[in-house]
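The primary structure of each chain is shown beneath.
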Amino acid sequence: MIRQAATVGRAATPAVRAYAPVVLTGALTALLPLRYGDSRAMMGVVIGGVLFACYAVGFNVIFGSTGQLFLCTGALAGLGGYSSAILSDRHGLPMVLAMLLASLVAAVAGGLLSWIAVSRSLGVIFTGIVTLAFALSFQNLLLGQRDLTGGETGLVVEAGSDTLLGEQVAPFYVFVALLTVYLALFRALQRSHVGWAFRALRDDEIAAELAGVDVKQYRVLAGTLGSGMIGLAGALYAHSERFISPSTFSFGEVDVLVIVMLAFGGIGSLLGPVVGAAAFTILEEWMESFDEYRLIIYGSVILVLFLVLPRGVVPTVQGLVGRLRRRRARRAPAPAAGPPVDTLTPR
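Every chain begins its residue count from 1, and numbering advances along the sequence as written. Thresholds applied to this predicted model are a pLDDT of at least 70 for local features of residues and 80 or more for the giving and counting of side-chain atom pairs; totals over whole chains, interfaces and linings are not thresholded and use all residues. As a rule here, side-chain values cover all heavy atoms of the structure and leave hydrogens and water aside.

Secondary structure elements are defined from DSSP: runs of H or I of at least 4 residues count as helices, runs of E of at least 2 residues count as strands, and each element is numbered from the N terminus. Along its length, the protein chain carries 15 helices and two strands. Seen through its C-alpha atoms, the protein chain measures out along the principal axes to roughly 105 × 55 × 50 Å. Per-residue burial over the protein chain gives 45% buried out of 347 residues. Only the protein chains shown count as cover for residues, with accessible areas throughout obtained via the Shrake-Rupley method and a probe of 1.4 Å. Accessible area for the protein chain stands at about 18,600 Å²; split by element, carbon and sulfur atoms hold 66% of it. For the protein chain, the distance from the average site of its 25 positive side-chain charges to the average site of its 21 negative ones is 19 Å. Categorising residues by exposure relies on relative accessible area from a 1.4 Å probe, with only protein chains included: less than 20% of the type maximum marks a residue as buried, more than 50% marks it as exposed, and the intermediate range marks it as partly exposed. A positive count includes Lys and Arg, and a negative count includes Asp and Glu. His and the chain ends are not counted in either. By convention, the point assigned to a charge is CZ for Arg, NZ for Lys, CD for Glu and CG for Asp.

For each structure, a 1 Å grid was placed over the protein atoms alone; sets of points admitting a 1.4 Å probe that cannot get out are labelled cavities, open sets with protein on both sides within 12 Å along at least five of seven lines are labelled pockets, and lining residues have an atom within 4 Å of a point. Grid points are joined across faces, edges and corners, and a volume is the space filled by probe spheres set on the points. The calculated volume of the largest pocket comes to roughly 700 Å³. Contributing to the lining of the largest pocket are 27 residues, with Phe 52, Glu 253, Leu 257, Glu 284 and Arg 294 lying nearest its centre. Contributing elements (two or more residues each) for the lining of the largest pocket: α3 (40–66), α12 (251–265), α13 (272–286) and α14 (294–308). Under this grouping Gly is polar, as are all residues other than the nonpolar Ala, Val, Leu, Ile, Met, Phe, Trp, Tyr, Cys and Pro and the charged Asp, Glu, Lys and Arg. Split by residue class, the lining of the largest pocket holds 15 nonpolar, seven polar and five charged. When its volume is computed, the second largest pocket comes out at roughly 550 Å³. Within the residue set of the lining of the second largest pocket, elements represented by two or more residues are α1 (2–29), α3 and α13. Here the lining of the second largest pocket gets eight residues from one element, more than from any other, and that element is α13. Here the residues of the lining of the second largest pocket are counted per class, giving 18 nonpolar, four polar and one charged.

Time to look at the packing of helix α5 (residues 95–119) against helix α6 (residues 124–144). To obtain each axis, a line is fitted to C-alpha atoms, and for helices this fit is confined to the stretch in contact; angles are then taken between N-to-C directions over 0 to 180 degrees. Orientation of α5 relative to α6, taken along the N-to-C sense of each, is 145 degrees, at an axis distance of 10 Å. Judged by the sense of rotation from one axis to the other, the crossing of α5 with α6 is right-handed. Where α5 abuts α6, its residues Ala 109, Leu 113 and Ala 117 lie against Thr 127, Val 130, Thr 131 and Phe 134. Classifying every residue of the contact of α5 with α6 by side-chain character gives five nonpolar, two polar and no charged. Take the far helix as your reference; a near helix turned counterclockwise from it by less than a right angle gives a left-handed crossing, and one turned clockwise gives a right-handed crossing. Throughout, a residue-residue contact means that at least one pair of heavy atoms, one from each residue, lies within 4.5 Å.

Phi is mostly negative for residues that are not glycine, and the peptide bonds are mostly trans. Positive phi values are uncommon outside glycine, yet Ser 121 reaches one of about 55 degrees. Examined against the element boundaries, Ser 121 turns out to sit in the loop between α5 and α6. In this structure Ser 121 comes out as exposed when scored by relative accessible area, which is 63%. Here the phi dihedral of Arg 242 falls at roughly 70 degrees; this positive angle occurs in a residue that is not glycine. With respect to the secondary-structure elements, Arg 242 resides in the loop between α11 (215–241) and β2 (243–244). Exposure remark for Arg 242: the relative accessible area of 29% places this residue in the partly exposed category.

Where charged atoms of side chains with opposite charge meet at close range, the side chains can pair. Salt bridge, as used here, is a side-chain nitrogen of Lys or Arg placed within 4 Å of a carboxyl oxygen of Asp or Glu. Per the stated rule, a full pass over the model turns up three salt bridges. One salt bridge in this structure joins Glu 152 and Arg 146, with 2.8 Å as the shortest N-O distance.

Below, the discussion takes up a nonpolar patch on the surface. A patch consists of residues exposed above 30% relative accessible area that lack any salt bridge, with like charges linked at up to 9 Å and nonpolar side chains (Val, Leu, Ile, Met, Phe, Trp, Tyr) linked at up to 5 Å. Residues Leu 97, Leu 101, Leu 104, Val 108 and Leu 112 make up a contiguous nonpolar surface patch of about 420 Å² in total accessible area. Considering the arrangement of structural elements, one finds Leu 97 in helix α5.

This part is about the packing of aromatic side chains. Note on aromatic pairs: each is described by the distance of the centres and the angle between the planes. When the centres of two rings from Phe, Tyr and Trp lie within 6.5 Å, Trp using its six-membered ring, the rings pair. Their planes under 30 degrees apart give stacked, over 60 give edge-to-face, and anything left gives tilted. With the rule as written, the count across this model stands at six aromatic pairs. The interplanar angle of 90 degrees and the centroid separation of 6.2 Å between the aromatic rings of Phe 198 and Tyr 218 together place this pair among those described as edge-to-face. With Phe 198 in helix α9 (residues 193–203) and Tyr 218 in helix α11, this pair connects stretches of sequence that are 20 residues apart. The burial state of Phe 198 is the same as that of Tyr 218; both residues are buried.

Moving on: α9. Along α9, the positions that sit buried rather than exposed are Val 194, Gly 195, Ala 197, Phe 198, Ala 200 and Leu 201. Along its buried surface, α9 packs onto α3, α8 (170–191), α10 (205–210) and α11.

Our next topic: a positive patch on the surface. A surface patch of positive charge is lined by Arg 311, Arg 323, Arg 326, Arg 327, Arg 330 and Arg 331. Turning to its location among the elements, Arg 311 is positioned in the loop between α14 and α15 (313–331).

What follows is the structure in structure tokens.
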């Protein structure tokens with residue numbers, strides 16, 4: 001019995017270490033309302049930061065894991081947000097069901113984009129061009145279908161206003177729960193054979209294919225899963241914010257920030273999206289008082305940060321910690337040798 005318990009404990013230790021950052025991140029993020037819960041404006045800023053962390057995790061599944069440059073994060077989030085709002089308000093579906101269906105719509109769109117890119121053997125740049133064309137087409141669709149989407153004036157979302165999403169602090173905890181689930185899912189992918197296939201595709205597609213990795217299957221899987229995550233976050237935001245417009249999900253408002261956040265935090269890392277979202281949410285809020293100098297300062301700060309930390313914060317810190325551990329291991333004194341054994345003296 002004791003031996004079995006020890007075996008279970010040793011097997012559980014790697015899992016505990018793997019998911020500890022996820023639990024710690026969720027717990028620390030959940031404490032933010034203690035500081036900002038009295039201000040509706042600040043809670044809006046904090047919720048926006050968690051929302052973009054969710055976007056960045058979904059984008060990390062697509063680009064950070066398999067190297068597919070999707071320049072349509074805002075369009076996928078908008079597809080989720082508008083689909084959920086229309087299904088719940090216009091067609092009377094329950095809000096949760098509408099959100100799940102909207103996430104499915106975004107997942108199918110992302111999967112189709114991945115399938116097109118793989119089938120046509122498109123590289124990173126051309127994949128980006130195709131997905132950017134999709135994003136621009138989606139914006140034109142929102143502006144053109146005024147009767148359905150409200151056009152440039154936007155769409156008021158009624159569903160969810162009488163639930164906890166209509167309160168001041170409660171929506172924040174819903175977004176934190178969603179972010180925690182996304183991080184746990186990303187960690188589970190990293191630890192599975194799917195994560196191994198994703199890393200092989202990202203590092204060397206030809207070598208991965210020679211090793212037996214189905215390139216089309218895993219890239220479409222990454223595109224579908226990451227797009228569904230982005231669409232679900234966009235749907236949740238639509239019901240919590242209760243108003244959406246084309247600018248809410250535009251390329252400049254979403255995609256640029258998500259790419260910068262992920263690159264700053266660390267592409268392909270677990271906590272890179274969270275670190276990047278936190279840093280640039282703080283930076284955005286701090287620069288509100290600079291008005292006309294805002295863009296200049298913003299660009300200068302980004303340039304300096306990427307020159308100092310080209311791999312991103314999380315991989316850089318992990319590399320430093322690894323080097324310190326190796327140095328410490330080399331400097332550690334060797335274990336004392338036992339007394340010499342005289343093998344020549346007869347007994």
